[in-house]
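# Survey of secondary and tertiary structure
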Amino acid sequence: KSYPVRDIAFQLLKYMIEIWEAKIKKEGTDRLPIIIPLVVYHGKNNWKLSTTLGEMINGYNKLPKDIQKYIPNYEYLLYDISRYKDEEIKGEAQLKILLNILRDIFTKDGKDLQESILEAVEYLIKLEDKQSGIEYFETLMRYIFSAKANLTETDVKEIIEKMEATYPEGSEVVMTLAEKLKEEGLKEGLEKGRREERLNTAIKLLTKKFGPLPEEIKSKISKLDLVTLEIIIDGIFDYESLEDIKKYIN
């Protein structure tokens, strides 16, 4: 989690039930595996929430012990990795890279995050399976870009330049991903802008023809995709009443 979630104990309970249900259906057994729930937290603020399900149940802590035993409760483990230093994070290369990046992605600025990425590269270079290293690095960079980390275009260029000398395969990955995501972001922005424009047009034309639209209809129209909005606009002269467009919004 990158931010505290008040109902996390309930979320974890649902995940555990799903695991147990899958086990029962797949193996036809009534014996359930042990599950130890664990939350890895990497947000900016301290996690101040209780780590038990009982805290979410009204009046649970005031109940006598002989009543509490009939009500489900458990405690989950919490690892706040923001408080760990590099040397305290143990494990194999992939795990250390993952935990370091999770720790730094929302708490460090572009320059410091650059250093974390370059440190990750140092670990990857040492892997014997170079192809796996490249694939892992690509997954890592996808996460960093999709999480909208504090990286500017200049930061990305500097990362590429520094990596070309030590890890050319990695610099190619960053360059390709940066271009692709930039293109996708531009395309998404254009699509969103066009949809907003068609939405305003559809509401304006329908209002002009039938008068002020009921809020319920306006709300439903605002959720339509671009293609459906285009269809409504194209048929504006054929509609005799608002009933004619309800087939598009129900």
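Up top you'll find the structure we're talking about.
Quick look at the structure, then.

### Comments concerning the side chain of T29
In this structure, T29 sits in the loop between α1 (8-27) and β1 (38-41). There is a polar contact of 3.0 Å between the side chain of T29 and the backbone nitrogen of R31. Those residues in contact with T29 that lie beyond four places of it in its chain are K23 and I24.

### Details of the environment of E158
Mapped onto the secondary structure, E158 falls in helix α6 (residues 153-166). In this structure E158 comes out as partly exposed when scored by relative accessible area, which is 24%. Spatially, the C-alpha atoms of E158 and Q114 are 8.4 Å apart, while their sequence positions differ by 44 residues. Aside from chain neighbours lying at most four places away, what touches E158 is K111 and Q114.

### Here's the deal with the pattern of salt bridges
Within this structure, the stated rule accounts for 6 salt bridges. The partner of K218 in a salt bridge is E215, and the shortest N-O contact between them spans 3.9 Å. Taken as a pair, K218 and E215 lie in helix α8 (residues 215-221) at a separation of 3 residues, close to a single helical turn. Here K218 falls in the partly exposed class, since its relative accessible area comes to 29%. Residue classification places E215 among the exposed positions, given a relative accessible area of 59%.

### Description of the environment of R195
The residue R195 is located in helix α7 (residues 168-210) in this model. Looking at R195, the relative accessible area reads 19%, which means it is buried. Residues R195 and D225, spaced 30 residues apart in sequence, show a C-alpha to C-alpha distance of 7.3 Å. What R195 contacts, discounting residues up to four positions off in sequence, is S222, K223, L224, D225, L226 and L229.

### Focus on a nonpolar patch on the surface
On the surface, I34, I36, L38, L77 and Y79 cluster together into a nonpolar patch covering about 560 Å² of accessible area. Following the sequence through the fold, I36 ends up in the loop between α1 and β1. I36 gets classed as exposed once you look at its relative accessible area, which sits at 63%.

### A few points about the packing of aromatic side chains
One pass over the full model with this rule turns up 1 aromatic pair. Measuring from ring centre to ring centre gives 5.0 Å for Y41 and W47, while their planes differ by 70°; the resulting arrangement is edge-to-face. Here Y41 and W47 have matching classes, each one buried.

### Points about the nonpolar core
For soluble globular proteins, the rule of thumb is that nonpolar side chains tend to be buried together. Judged by nonpolar contacts, the single largest core of 22 residues is most densely connected at I117, F137, L140, M141, I144, M163 and V174. Of all the secondary structure elements, the ones that give two or more residues to this core are α3 (93-104), α4 (110-125), α5 (130-146), α6 and α7. At 6 residues, the largest contribution of residues to this core is made by α4. For L140, the residues in contact, after removing those within four places along its chain, are I97, I101 and A120.

### Quick look at α1
The terminal C-alpha atoms of α1 lie 29 Å apart, and with 20 residues this matches the ideal 28 Å at 1.5 Å per residue to within 8%. Where α1 is concerned, the buried positions are I8, A9, Q11, L12, L13 and M16. Where α1 is buried, its residues meet β1. Immediately beyond the C-terminal end of α1, within one or two residues, lies G28, with a positive phi of roughly 60°.

Reading the values: the criteria
- Residues numbered from 1 in each chain as written.
- Predicted model: local features only at pLDDT ≥ 70, side-chain atom pairs only at ≥ 80, totals over all residues.
- Heavy atoms only, no water.
- Helix = DSSP H or I, 4+ residues; strand = E, 2+ residues; numbered from the N terminus.
- Polar contact = N/O pair within 3.5 Å; in protein donor to acceptor, adjacent residues only side chain to side chain.
- Contact = heavy atoms within 4.5 Å.
- Buried < 20%, exposed > 50% of the residue type's maximum accessible area, 1.4 Å probe, protein only.
- Salt bridge = Lys/Arg side-chain N within 4 Å of Asp/Glu carboxyl O.
- Patch = residues over 30% accessible without salt bridge, like charges linked within 9 Å, V, L, I, M, F, W, Y side chains within 5 Å.
- Areas by Shrake-Rupley, 256 points an atom, 1.4 Å probe, with all protein chains shown as cover.
- Phe/Tyr/Trp six-rings, centres within 6.5 Å; stacked < 30°, edge-to-face > 60°.
- Core = buried A, V, L, I, M, F, W, Y, C linked by side-chain atoms within 4.5 Å.
- Expected span 1.5 Å × (residues − 1).

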